[in-house]
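# A look at the structure
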Amino acid sequence: MSRLDDIRKLQDPTKHFAIAVIRFYSELPKTEPARVIGRQLLRSGTSLAANYRAVCRARSSADFVSKINIVVEETDETLFWLEPLVEANLVSAEAIGTLNEEGNELLRFFSASLTTAKANR
């Protein structure tokens, strides 16, 4: 399997993660704080999938590093927005469990890819 094949194999999981974020958002309480935080979560959670597709089209190693860095930032931001939802008692910790686990798994992979790509430049 080529490096490009390895990179592309995460396109579906990132899209599924974005869909999970959309579904989670639609189930949030209909309060102003949940709406405001939820929209931030929705933006970053769907953005990471779209930006990951751009990673798969990187034209150089520098372009790859730049694009994967954006994905790392969007993934980390998505995980951040889950925290105030729980800490403000807008949702339970159990409600974000699977989403949080999947996001952390993606973040570990993207961070490792970024580290490797920087080392190989």
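Everything below is about the structure printed above this text.
Here we summarise the structure given alongside this text. (Residues numbered from 1 in each chain as written. Predicted model: local features only at pLDDT ≥ 70, side-chain atom pairs only at ≥ 80, totals over all residues. Heavy atoms only, no water.)

The way to describe two aromatic rings as a pair is by their centre distance and the angle between their planes. Throughout the structure, instances matching the rule amount to three aromatic pairs. Measuring from ring centre to ring centre gives 5.2 Å for Y52 and F110, while their planes differ by 35°; the resulting arrangement is tilted. With Y52 in helix α3 (residues 32-55) and F110 in helix α5 (residues 93-119), this residue pair connects regions lying 58 residues apart in the sequence. Judged by centre distance (6.0 Å) and plane angle (70°), the rings of F109 and F110 are edge-to-face. On the basis of relative accessibility, which here comes to 0%, the residue F110 falls in the buried class. (Phe/Tyr/Trp six-rings, centres within 6.5 Å; stacked < 30°, edge-to-face > 60°. Helix = DSSP H or I, 4+ residues; strand = E, 2+ residues; numbered from the N terminus. Buried < 20%, exposed > 50% of the residue type's maximum accessible area, 1.4 Å probe, protein only.)

As for its placement among the helices and strands, P13 is situated in helix α2 (residues 11-26). Residues P13 and E102, spaced 89 residues apart in sequence, show a C-alpha to C-alpha distance of 9.1 Å.

It is worth spelling out unusual backbone geometry at this point. Positive phi is not limited to glycine here, since N89 has a value of about 60°. Considering the arrangement of structural elements, one finds N89 in the loop between α4 (61-87) and α5.

We now examine the pattern of salt bridges. Taken as a whole and judged by the stated rule, the model has four salt bridges. R35 is the partner of E32 in a salt bridge, and the nearest nitrogen-oxygen pair spans 2.8 Å. Taken as a pair, E32 and R35 lie in helix α3 at a separation of three residues, close to a single helical turn. One salt bridge in this structure joins K67 and D63, with 3.7 Å as the shortest N-O distance. Taken together, the positions of K67 and D63, both in helix α4 and four residues apart, correspond to about one turn of that helix. Its relative accessible area of 17% is what places D63 among the buried residues. (Salt bridge = Lys/Arg side-chain N within 4 Å of Asp/Glu carboxyl O.)

It is at 9 Å that the axes of α4 and α5 come closest, and there the two elements cross at 160°. One finds that α4 runs roughly antiparallel with respect to α5. The two elements α4 and α5 meet at a crossing, and its hand is left-handed. In the contact of α4 with α5, the residues fall into 16 nonpolar, seven polar and two charged. (Axes fitted to C-alpha atoms, helices over the stretch in contact; angles between N-to-C directions. Parallel < 35°, antiparallel > 145°, perpendicular 65-115°, else oblique. Left-handed = near helix turned anticlockwise from the far one by under 90°. Nonpolar A, V, L, I, M, F, W, Y, C, P; charged D, E, K, R; others polar.)

Don't take any of this as a statement about function, it's just geometry.
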